[in-house]
Amino acid sequence: MKHKIILDTDPGIDDAMAIFFAFLSPQIEVLGLTTVFGNVPVEMSARNAQTLCALAEQDIPVCKGVGMPWVGKESGYAHFVHGDDGFGNINFPPAKIRELDPRSSAQFIVDMARQHPGEITVVAIGPLGNLALALRLEPALPKLLKGVSIMGGAAFVRGNVTPVAEANIWNDAYAAEIVFAAEWQLTMFGLDVTNAVPFTPQFLEELKLGNNKLGGFVRDAAQFYVQFYSQNREDKVCFFHDAMPIAHLIDPTLFEIQGGHARVSTDPLNIGQTSVALPGTTTSPDWLNAQQINVATQVDKVRLTQLYLDTYQA
Ligand code: BDR
Ligand code: CA
């Protein structure tokens, strides 16, 4: 049986690579894309998701979601990583897009979960405001979903926005705190694994060779992204953070996963820090009462890379 997923996203170059990867995977059925602010403002995020669906000829719902963090002022966005357009400034011509679904991202998640109880995994690869709001709309959501897999956080490694915080969590830490505390099966793919697999320009050429249209789009968009990631290092690389939770659904043996009690900090200095207490590492009631999550701690780089190439090629 295929994995039914909703992709909650802020496209974004690595989002684009992950979305196409999901579309191209025979084991995955994407019920819709829900969008959120993050790499770019939410209007652009939704428009970019519509463009990616049009390019991949996927006639599925796209919803616009939250444009602001749960608490605090509007985000600064990551145009310096993803370009002014979110796609590495490639001037992609406007595509003939399907209209936006009139529902909010949160409402769509709730509606789909009620329609397919126990069957859907929400794969969240942007800030977590839509999921936090969906929990407010439907407190029974954890029981209605099969699980939640996220790209976000940094459990045992340093952050990428501050020394302790990863971008998706830092962008909406109060929403992340709500999502991490909910009683669902949450699996976190943070910088612990996503920063462990650098991708070279050669990989981008191979994606294009495998699939000229979709791989070619990723290759072109990622030129800007490679420049960003290659500052202050000798080699040229980039990181496809967002595809990892999807790869895990397809082949769980690619990852080592550990269980632990998790907390998200909303403390000003450490805002967005994700900390995990592995079993036996604390007797503190505050930590033992924290919700248990699964954290990816190791990844098989060679087999993961091959899965991406094979999927883009098929
Ligand atoms: C995450 O932040 C965004 O820039 C990427 O799309 C990814 O979801 C990595 O920290
Ligand atoms: Ca993202």
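Residues numbered from 1 in each chain as written. Chains lettered and ligands numbered in written order. Predicted model: local features only at pLDDT ≥ 70, side-chain atom pairs only at ≥ 80, totals over all residues. Heavy atoms only, no water.

## Focus on the site of ligand 1
Next up, step 1: Taken together, Asp 14, Asp 15, Asn 39, His 82, Ile 125, Met 151, Asn 160, Glu 166, Ala 167, Asn 168, His 241 and Asp 242 make up all the residues around ligand 1.
Next up, step 2: Side-chain polar atom of Asp 15 to an oxygen atom of ligand 1: 3.0 Å apart, as the coordinates give it.
Next up, step 3: Asp 242 is positioned such that a nitrogen or oxygen atom in its side chain is 2.6 Å from an oxygen atom of ligand 1.
Next up, step 4: For the shell around ligand 1, the secondary structure elements donating two or more residues are α1 (13–24) and α7 (167–171). (Near = heavy atom within 4 Å. Polar contact = N/O pair within 3.5 Å; in protein donor to acceptor, adjacent residues only side chain to side chain. Helix = DSSP H or I, 4+ residues; strand = E, 2+ residues; numbered from the N terminus.)

## Notes on the nonpolar core
Next up, step 1: Phe 20, Leu 33, Phe 240, Phe 255 and Tyr 308 are the most contacted members of the largest nonpolar core, which totals 63 residues.
Next up, step 2: In terms of residues, this core owes the most to one element, α1, which gives nine residues.
Next up, step 3: In contact with Phe 240, not counting residues within four places along its chain, are Asp 14, Met 17, Phe 199, Phe 203, Leu 204, Val 218, Ala 222, Tyr 225 and Tyr 308.
Next up, step 4: The next biggest cluster of nonpolar side chains, apart from the first, holds 38 residues, and it includes Phe 108, Leu 131, Ala 132 and Leu 144. (Core = buried A, V, L, I, M, F, W, Y, C linked by side-chain atoms within 4.5 Å. Buried < 20%, exposed > 50% of the residue type's maximum accessible area, 1.4 Å probe, protein only. Contact = heavy atoms within 4.5 Å.)

## Some points on the coordination of the calcium ion (ligand 2)
Next up, step 1: For the calcium ion (ligand 2), the protein coordination sphere consists of Asp 10 (OD), Asp 15 (OD), Asp 15 (OD), Ile 125 (O) and Asp 242 (OD), at 2.3 to 2.6 Å.
Next up, step 2: Each donor residue of the calcium ion (ligand 2) lies on one chain, and together they are spaced D-x4-D-x109-I-x116-D. A residue pair is termed long-range when its members are at least 10 positions apart, and Ile 125 in the loop between β4 (120–124) and α5 (129–137) and Asp 242 in the loop between α11 (214–230) and α12 (244–250) qualify at 117 residues. For the residue pair Ile 125 and Asp 242, the accessibility class agrees, reading buried in each case. (Donors = N, O, S within 2.8 Å, 3.2 Å for Na, K, Ca; no water.)

## Regarding the pattern of salt bridges
Next up, step 1: Under the criterion given, the structure shown has 13 salt bridges.
Next up, step 2: When the shortest N-O distance is used, the salt bridge between Lys 64 and Glu 43 registers 3.7 Å. Here Lys 64, found in the loop between β3 (62–63) and α3 (79–82), pairs with Glu 43, found in helix α2 (residues 42–55); they are 21 residues apart in sequence, far enough to count as distant.
Next up, step 3: Note that Glu 138 is salt-bridged to Arg 114, the shortest N-O span being 3.0 Å. Highlighted residues: Glu 138 in the loop between α5 and α6 (141–144) and Arg 114 in helix α4 (residues 105–115), separated in sequence by 24 residues.
Next up, step 4: Judged by relative accessible area, Glu 138 falls into the buried class, the value being 14%.
Next up, step 5: Three or more residues are tied together by salt bridges with common partners; here these are Lys 4, Glu 29 and Glu 119. (Salt bridge = Lys/Arg side-chain N within 4 Å of Asp/Glu carboxyl O.)

## Details of the environment of Arg 136
Next up, step 1: Relative to the helices and strands, Arg 136 is located in helix α5.
Next up, step 2: Residue Arg 136 is classed as exposed on the basis of its relative accessible area of 52%.
Next up, step 3: Every residue in contact with Arg 136, bar those within four places of it in the chain, is listed here: Trp 70 and Ile 178.

## Things to note about the sheet that holds strand β7 (residues 255–264)
Next up, step 1: On the basis of which strands lie adjacent, the open sheet formed by nine strands has the order β3-β2-β1-β4-β5-β6-β9-β7-β8 and mixed pairing. The sheet is open, and its two edges are formed by β3 and β8 (274–277), each paired on a single side.
Next up, step 2: Summarising the sheet, β7 and β8 pair through four bridges and their orientation is antiparallel. What sits directly across from His 261, in β8, is Ala 277.
Next up, step 3: Running over the sheet, α4 touches β1 (3–9), β2 (28–35), β3 and β4 and is turned about 150 degrees from β2.
Next up, step 4: Taken strand by strand, helix α8 (residues 173–181) contacts β5 (147–151), β6 (186–189), β7, β8 and β9 (292–299), and its axis lies near 115 degrees from that of β7. (Pairing = 2+ DSSP bridges. Axes fitted to C-alpha atoms, helices over the stretch in contact; angles between N-to-C directions.)

## Here we look at unusual backbone geometry
Next up, step 1: Of note, the amide linkage connecting Pro 11 to Gly 12 takes the cis form, showing an omega dihedral of -20 degrees.
Next up, step 2: Secondary-structure assignment places Gly 12 in the loop between β1 and α1.
Next up, step 3: Even without a glycine there, the phi angle at Glu 57 is positive, about 55 degrees.
Next up, step 4: Within the fold, Glu 57 resides in the loop between α2 and β3.

## Some remarks on the pairing of β1
Next up, step 1: Of all the seven residues making up β1, six are buried; the element is thus mostly covered by neighbouring parts of the structure.
Next up, step 2: Tracing the backbone out of β1, into α1 and back to the parallel element β2 gives a crossover that is right-handed. (Right-handed = clockwise from strand over helix to strand, strands pointing away.)

## Describing α2
Next up, step 1: The terminal C-alpha atoms of α2 lie 20 Å apart, and with 14 residues this matches the ideal 20 Å at 1.5 Å per residue to within 8%.
Next up, step 2: The buried fraction of α2 amounts to 10 of the 14 residues, a majority that puts the element mostly inside the structure.
Next up, step 3: Within α2 the residues assigned to the buried category are Val 42, Ser 45, Ala 46, Asn 48, Ala 49, Gln 50, Thr 51, Leu 52, Cys 53 and Leu 55.
Next up, step 4: On its buried side, α2 packs onto β1, α1, β2, β3 and α11. (Expected span 1.5 Å × (residues − 1).)

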